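Spelled out, the chains give:
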Amino acid sequence: MDEFGLIEQFFTRRARHPEVVLGIGDDAALVALAGASEQLAATTDTLVEGVHFPQSAKAFDVGYKALAVNVSDLAAMGARPLAFLLSLTLPAADPQWLAGFRDGLFALAQAVGIDLIGGDTVRGPLSVTITALGAVAPGAALRRDGARVGDRVYVSGLLGEAALGFLLRGGRVSLPHEFHEPVLTRLDRPVPRIAEGRALVGIASAAIDISDGLVADLGHILAASGVGARLDLRRLPLSAAYDAAFASVGYDPALVFGDDYELCVTVPPEREKALAAAASRLPCGLHYLGDIVAAPGLTLYDGQGVYTPARAGYNHFDDPGPV
Ligand code: ADP
Ligand code: MG
């Protein structure tokens, strides 16, 4: 049983309240309160030492990333970050670690404009759970289930940078020295694409943030929307660092590792003009990869023909571990 089968089998229930506009299955849930002009977007994610970050991770980076991955889910809904709750499980009260963690946490909180409003603190193996809340206009949220045949598939920024950071840190890829810091920063301090998500409201038909790899995460859009996609791998936005490593790593780190926290969106062809206008204001860029098709599943092709990655993406419970 994989992570998603487990959720489906044990926890997916029909909502009791009409205020629950969107429940389990998207990047965030949506709750509408009577009389409110905006809906609440709610999401939670946990980082566990030894699973999501090594024991050697800097406390600053743990604090930063724990919040970043949650804010990224708000970005994927097109929501405006408002507030978050912090549940900390700590083996000991180590003031030096806590100060570093706090600095990273609030550095990102300040950058994206989100307030800490509560949480919980208990003793146990190190893990950090954050629940983030955002606001979005009724009907405006970017969901996973809106992709239609003929829509075009885009990703923001660059793919595979976090994977390169992970491989570099593990001594599994060699890169020219000038690329070390950029790829490690992309792994340790991902930038949630909030401005991008909000700019895509009214333009994108579906959206997801890439936490588990393009193949897995676009796969969630395809499954939720009941469609397939065909992508040209030669269009993948890869950095100069990736180009330097391509001969030894190939496409897979950009396709199946995840941790990039870029957005993957689908856009109806008639909104291409609006998209171009929005994209011109977004520094990270939006890159066309291919199209939504009726045949289910994801087809990847390059100059040689159809390409199949070695594995589908990160999934807790049915997987040997990252790459
Ligand atoms: P994301 O990668 O965007 O954070 P996940 O892949 O972690 O999303 O989760 C997929 C969906 O399942 C989300 O809507 C999430 O809220 C929901 N979910 C995950 N675990 C549980 C659980 N134990 N109970 C209810 N819903 C869950
Ligand atoms: Mg997500």
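Residues numbered from 1 in each chain as written. Chains lettered and ligands numbered in written order. Predicted model: local features only at pLDDT ≥ 70, side-chain atom pairs only at ≥ 80, totals over all residues. Heavy atoms only, no water.

### Brief notes about the pairing of strand 10 (residues 263–267)
Working step 1: The element strand 10 is largely enclosed, with a buried count of 5 among its 5 residues.
Working step 2: Of the two faces of strand 10, the one holding L263, V265 and V267 and the one holding C264 and T266 are both buried throughout.
Working step 3: In this sheet, strand 10 lies alongside strand 8 (residues 206–209) in antiparallel orientation, the contact comprising 4 bridges. Counted as the bridge partner of D209 is L263 from strand 10. (Buried < 20%, exposed > 50% of the residue type's maximum accessible area, 1.4 Å probe, protein only. Helix = DSSP H or I, 4+ residues; strand = E, 2+ residues; numbered from the N terminus. Pairing = 2+ DSSP bridges.)

### Describing the packing of aromatic side chains
The geometry of two aromatic rings is summed up by the distance between their centres and the angle between their planes.
Working step 1: Applying the stated criterion across every chain, the model contains 7 aromatic pairs.
Working step 2: Measuring from ring centre to ring centre gives 6.4 Å for Y242 and F246, while their planes differ by 45 degrees; the resulting arrangement is tilted. Linking Y242 with F246, this pair stays in helix 8 (residues 240–249), spanning 4 residues, or about one helical turn.
Working step 3: Judged by its relative accessible area of 0%, Y242 is buried. (Phe/Tyr/Trp six-rings, centres within 6.5 Å; stacked < 30°, edge-to-face > 60°.)

### Quick look at the sheet that holds strand 12 (residues 297–302)
The strands making up a sheet are joined through hydrogen bonds of the backbone, oriented either antiparallel or parallel.
Working step 1: Taken in spatial order, the 7 strands line up as 8-10-7-11-9-12-13 in an open sheet, and their pairing is mixed. Looking at the sheet topology across the chains shown, the edges are occupied by strand 8 and strand 13 (305–307). For this sheet the average axis-to-axis angle between neighbouring strands, irrespective of direction, equals 30 degrees.
Working step 2: Here strand 9 (residues 228–232) pairs with strand 12 via 5 bridges, running parallel. Pairing of G228 across the sheet is with G297, part of strand 12. (Axes fitted to C-alpha atoms, helices over the stretch in contact; angles between N-to-C directions.)

### Examining the pairing of strand 3 (residues 39–48)
Working step 1: Pairing between strand 2 (residues 29–31) and strand 3: 3 bridges, direction antiparallel. The partner of V31 across the bridge, within strand 3, is L40.
Working step 2: Examined bridge by bridge, strand 3 and strand 6 (residues 127–136) share 10 bridges and lie antiparallel to one another. Bridging across to strand 6, A42 finds its partner in L133.

### Points about the coordination of the magnesium ion (ligand 2)
Working step 1: Looking at the magnesium ion (ligand 2), one finds its protein donor set to be D27 (OD), D73 (OD) and D209 (OD), positioned 2.0 to 2.1 Å from the metal centre.
Working step 2: Between the donor residues of the magnesium ion (ligand 2), the gaps in sequence give the motif D-x45-D-x135-D. One end of the pair, D73, is in helix 2 (residues 59–77); the other, D209, is in strand 8, and 136 residues separate them in sequence.
Working step 3: For D209, a relative accessible area of 1% puts it in the buried group. (Donors = N, O, S within 2.8 Å, 3.2 Å for Na, K, Ca; no water.)

### Re the domain arrangement of the chain
Working step 1: Here the domain parsing of the chain yields domain 1 (3–136) and domain 2 (152–307).
Working step 2: Taken together, the contacts link 19 residues of domain 1 with 19 residues of domain 2.
Working step 3: Counting each side, the surface lost to burial between domain 1 and domain 2 is near 1,600 Å², with a carbon and sulfur contribution of 60%.
Working step 4: With its nearest N and O atoms 2.8 Å apart, the salt bridge here joins K65 to D259. (Domains from an automatic or database assignment. Contact = heavy atoms within 4.5 Å. Buried area = accessible area lost by both parts, 1.4 Å probe. Salt bridge = Lys/Arg side-chain N within 4 Å of Asp/Glu carboxyl O.)

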